[in-house]
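The chain contents come next:
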Amino acid sequence: MSRLHRRLLSLLSACALVLALAGTASAENYVAMGDSYSSGVGAFSSNLSSSCIRNTYAYPYLLAQQRGSALSFVACSGAVTGDVINNQVGAASSSTNLVTITIGGNDVGFADLIIACTTWGCSSQISDSNAQIANQLGPKLDATYAAIRSHAPNARVVVLGYARPFANRTCSAATGVTLSEESALNNLTDNLNAKIRERAQAAGFTFVDVNPYWAGHDVCSSSRYTNGFVWYSATNSYHPTRDGYRYGDVPAVRAIIG
């Protein structure tokens with residue numbers, strides 16, 4: 001082999017190494033935290049974790065696949081703010097580039113509340129949940145966001161809100177819920193999102209309103225992004241559908257982070 005060939009091979013090897021290292025360095029370390037609206041409940045799958053009902057139809061998994069991110073997926077069905085602090089933030093570190101989260105709904109009984117409306121009425125529960133949003137949720141969110149920032153000091157943190165489930169119409173999917181209850185539940189959702197937005201922005205995080213992506217896809221739509229009441233699976237009731245995660249949450253987040 002000539003000296004020129006040896007030099008060319010050495011140069012090509014060095015270039016290949018640089019490219020490989022560059023690819024490794026640019027890989028996004030993504031930690032997906034939160035509750036059932038992040039773990040994938042509503043997609044009727046638990047193919048990643050049966051205990052947390054975590055699955056490959058959830059928006060964090062789809063987002064990571066699209067972006068080529070290294071995903072640490074710790075969101076769990078039923079999680080409240082304290083669960084994020086005690087069981088999820090440890091997945092993040094100074095090398096974490098991106099964190100997404102939905103949290104706060106279970107702290108005020110959001111999903112259970114809608115089921116109550118379906119079965120036996122919920123006006124008193126709605127009032128109680130609104131009071132919790134106004135008086136108790138803020139400090140819980142502040143503590144959660146502080147824990148995330150402490151563990152992931154260099155990450156961009158994207159906080160998703162919750163979608164309004166109704167659109168002032170009734171159907172079999174919303175059985176048992178009156179128009180007045182629909183309006184009250186949508187208002188509660190707005191109050192919840194407003195509190196989450198306020199505290200997320202105070203923490204320096206980015207809030208994502210998913211509702212523009214849900215327009216025309218309420219529980220009574222023929223192309224719904226939120227399940228209505230599922231009599232054989234209350235857990236999946238009033239959670240995003242697979243289309244909701246794919247065509248609602250994912251583009252909502254990508255509109256912010258690219």
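Computed from a predicted model, the values in this text were never measured in an experiment.

Thresholds, definitions, all that
Residues numbered from 1 in each chain as written. Predicted model: local features only at pLDDT ≥ 70, side-chain atom pairs only at ≥ 80, totals over all residues. Heavy atoms only, no water. Axes fitted to C-alpha atoms, helices over the stretch in contact; angles between N-to-C directions. Helix = DSSP H or I, 4+ residues; strand = E, 2+ residues; numbered from the N terminus. Parallel < 35°, antiparallel > 145°, perpendicular 65-115°, else oblique. Left-handed = near helix turned anticlockwise from the far one by under 90°. Contact = heavy atoms within 4.5 Å. Phe/Tyr/Trp six-rings, centres within 6.5 Å; stacked < 30°, edge-to-face > 60°. Buried < 20%, exposed > 50% of the residue type's maximum accessible area, 1.4 Å probe, protein only.

Caption draft 1: Structural view of the packing of helix H5 (residues 110-119) against helix H6 (residues 123-151). One can describe the packing of H5 onto H6 by two numbers: an axis separation of 9 Å at closest approach and a directional angle of 165 degrees. The pairing of H5 with H6 is recorded here as roughly antiparallel in orientation. For the element pair H5 and H6, the recorded crossing hand is left-handed. Between H5 and H6, the contacting residues are Leu-113, Ala-116 and Cys-117 on the first element and Gln-125, Ile-126 and Ser-129 on the second.

Caption draft 2: Here's a closer look at the packing of aromatic side chains. Tallied over the full model, the rule gives eight aromatic pairs. Their ring planes at 85 degrees and their centres at 5.0 Å tell us that Tyr-37 and Tyr-162 sit as a pair that is edge-to-face. Placement of the pair is Tyr-37 in helix H2 (residues 36-39) and Tyr-162 in the loop between strand E4 (156-160) and helix H7 (179-202), with a sequence separation of 125 residues. Just as Tyr-37 is buried, Tyr-162 falls in that class too. Taking the centre distance of 5.6 Å and the plane angle of 55 degrees together, the rings of Phe-110 and Tyr-162 count as tilted. Residue Phe-110 is located in helix H5, and its partner Tyr-162 is located in the loop between E4 and H7; the two are separated by 52 residues in the primary sequence.

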